[in-house]
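# Architecture and fold: a report
The residues making up each chain are set out below.
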Amino acid sequence: MIIGIDVGGANTKISSADGSIAESYYLPLWKKKDIKSLLEGRRSKYTGADAVGVVMTGELSDCFASKDHGVRFIADAILSVFNDVHFLDANGTFVSSVSEAIAATNWVASANLIGTEFPDALFMDIGSTTSDIIPIVDGVPRAARTDFERLKRNELVYSGILRTNVATILDRVMLDGPSVCRISSELFAITADVYSVLGDISEADYTCETPDGAGRDVESAMRRLARVVCCDMKEICNEELAQIAKQIKERQVQNLVDAALEVCERFDCGVIIAGGLGEFLVEDVARRLGLKHISLSNRYGKGISSIFPAYAVARLLEAPRRVVP
């Protein structure tokens, strides 16, 4: 059995190469959560694993003094639990050494696996916190090798389906026709509240913490969304809250369209491959760009799509190939 582990800042995801294991655990590293304890507590499930492939993005968490510090903390935790560990580096090569070359590599695993089936495509993975927009040409991912460079090239959009503060998406909303209302810049509501109100995600999908520490049900999400315009529920009706949610969704989708369009202008991408918990947004992105859309949920199931980097690194380790940009 080959196991893949993807350690993010908010979630740690684990998959087997055959897809029989597909797990995600909310483990916010900035709260000093213990990756080692999580893995040790579930090690019996992985007894007999022949090897472990690892990708990460959690090194960026601000609990670490530097990305190098974060990389070594995460790697040490995994190495203390498993024996045969292989880290995927930014070039798509498995290495045993620990360095910054293995930082921010979850998209590398996903894009390399996608490239084996779709050699010319745009891979979009919309997660809880970020969205990856990765061009694949001749089976090889052509994105920049660091998050800093990917941000500059629109290949990384720091906007996700759960944890993004809605105040970072827009600064005013339309209510009652032409009426414009500015919004508060507090952390009153997050995108998980938006998509709960719109019915795009279930309460079970709302895996992160809520801004106010209250429930993850729709009513609680509506109350948080009302706070964005400084209201109690008695001051604003459900229809107006739905209007606010739709406008936030529209702006988030348009931001993704703008970024994807810029990437597509550099590369000829005829199809978008969509993954992640927020892959339902990509269908709209593809329609606006006039591109064919393929859902990883339809091909592998929602469980695999939502933890795809962990699954991908396990698959690549099972049949490794060196990818040279």
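So, about the overall build of the chain. Looking only at helices and strands, one finds eleven helices and 14 strands in the chain. Its C-alpha atoms give the chain a radius of gyration of 20 Å, within 12% of the compact-globule value 20 Å for 325 residues. Reported as C-alpha extents along the three principal axes, the dimensions of the chain are approximately 60 × 45 × 35 Å. Evaluated residue by residue, the chain yields a buried proportion of 54% over its 325 residues. The contacts of the chain with a sequence gap of at least 6 include a subset with a gap of at least 24, amounting to 61%. For the chain, the exposed area adds up to about 13700 Å²; of that, 48% sits on carbon and sulfur atoms. Computed over 35 positive and 45 negative side-chain charges, the inter-centroid distance for the chain is 1 Å.

Let us now look at the sheet that holds strand β2 (residues 11-16). Taken in spatial order, the six strands make up an open sheet running β3-β2-β1-β4-β5-β6, and their pairing is mixed. Of all the strands in the sheet, just β3 (22-26) and β6 (94-95) have a single pairing partner and so form its edges. Lying over the sheet, helix α3 (residues 106-117) contacts β1 (2-7), β4 (51-56) and β5 (85-88), oriented at roughly 115° with respect to β4. The strands touched by helix α11 (residues 308-318) within the sheet are β1, β2, β4, β5 and β6, with β1 carrying the most contacts at an inclination of about 140°.

Take the confidence of the model for the chain next. Mean pLDDT over the chain works out to 94, with 98% of the residues at or above the 70 mark. Counting interchain partners and residues more than four positions distant, the pLDDT-below-50 stretch residues 321-325 has 17 contacts.

On to the side chain of E155, then. Counting through the fold element by element, E155 comes out in the loop between α4 (147-152) and β10 (156-157). Here the side chain of E155 touches A144 through a polar contact of 2.8 Å, landing on its backbone nitrogen. Once you skip the residues sitting within four places of it in the chain, E155 turns out to touch S131, D132, I133, I134, P135, R142, A143, A144, R150, V263 and R266.

With that settled, consider the packing of helix α7 (residues 238-266) against helix α8 (residues 280-289). A pair of packed helices is characterised by two quantities: the angle between their axes and the separation of those axes. Relative orientation of the contacting elements α7 and α8 amounts to 55°, with a least axis distance of 9 Å. The pairing of α7 with α8 is recorded here as oblique in orientation. The two elements α7 and α8 cross, and the hand of that crossing is right-handed. Seen from α7, the contacting residues are K249, E250, Q252, V253, Q254, L256, V257, A260 and L261; seen from α8, they are L281, D284, V285, R288 and L289. Partitioning the contact of α7 with α8 into residue classes produces eight nonpolar, two polar and four charged.

Moving on: α11. Along α11, nine of the eleven residues are buried, which leaves the element largely enclosed by surrounding structure. Within α11, burial applies to F308, P309, A310, Y311, A312, V313, A314, L316 and L317.

Bringing the pattern of salt bridges into the picture now. Summed over the entire model, instances satisfying the criterion amount to 20 salt bridges. Notably, a salt bridge pairs R288 with E250, separated by 2.7 Å at the nearest N-O pair. Of the two residues, R288 sits in helix α8 while E250 sits in helix α7, which places them 38 residues apart along the sequence. Given the relative accessible area of 38%, E250 is considered partly exposed. The partner of R266 in a salt bridge is E262, with the nearest N and O atoms 2.5 Å apart.

Below, the discussion takes up the layout of surface pockets. Empty pockets left among the atoms are what a rolling probe the size of a water molecule brings to light. Here the largest pocket defines a volume of roughly 880 Å³. If you trace the largest pocket, you find 40 residues lining it, with N11, K13, G127, S128 and T129 closest to the centre. If you list the elements that add at least two residues to the lining of the largest pocket, you get β1, β2, β3, α4 and α10 (302-306). Tallying contributions element by element places α10 first for the lining of the largest pocket, with four residues. Class assignment of the residues belonging to the lining of the largest pocket gives a composition of twelve nonpolar, 18 polar and ten charged. Put simply, the second largest pocket is a space of about 190 Å³. For the lining of the second largest pocket, the per-class residue count stands at six nonpolar, one polar and two charged.

About the cut-offs
- Residues numbered from 1 in each chain as written.
- Predicted model: local features only at pLDDT ≥ 70, side-chain atom pairs only at ≥ 80, totals over all residues.
- Heavy atoms only, no water.
- Helix = DSSP H or I, 4+ residues; strand = E, 2+ residues; numbered from the N terminus.
- Rg over C-alpha atoms; globule rule 2.2 N^0.38 Å.
- Buried < 20%, exposed > 50% of the residue type's maximum accessible area, 1.4 Å probe, protein only.
- Contact = heavy atoms within 4.5 Å.
- Areas by Shrake-Rupley, 256 points an atom, 1.4 Å probe, with all protein chains shown as cover.
- Lys, Arg positive; Asp, Glu negative; His and termini not counted.
- Charge placed at Lys NZ, Arg CZ, Asp CG, Glu CD.
- Pairing = 2+ DSSP bridges.
- Axes fitted to C-alpha atoms, helices over the stretch in contact; angles between N-to-C directions.
- pLDDT = per-residue confidence, 0-100.
- Polar contact = N/O pair within 3.5 Å; in protein donor to acceptor, adjacent residues only side chain to side chain.
- Parallel < 35°, antiparallel > 145°, perpendicular 65-115°, else oblique.
- Left-handed = near helix turned anticlockwise from the far one by under 90°.
- Nonpolar A, V, L, I, M, F, W, Y, C, P; charged D, E, K, R; others polar.
- Salt bridge = Lys/Arg side-chain N within 4 Å of Asp/Glu carboxyl O.
- 1 Å grid on protein atoms, 1.4 Å probe; cavity = no way out; pocket = protein on both sides within 12 Å on 5 of 7 lines; lining within 4 Å.
- Points joined across faces, edges and corners; volume = space filled by probe spheres on them.

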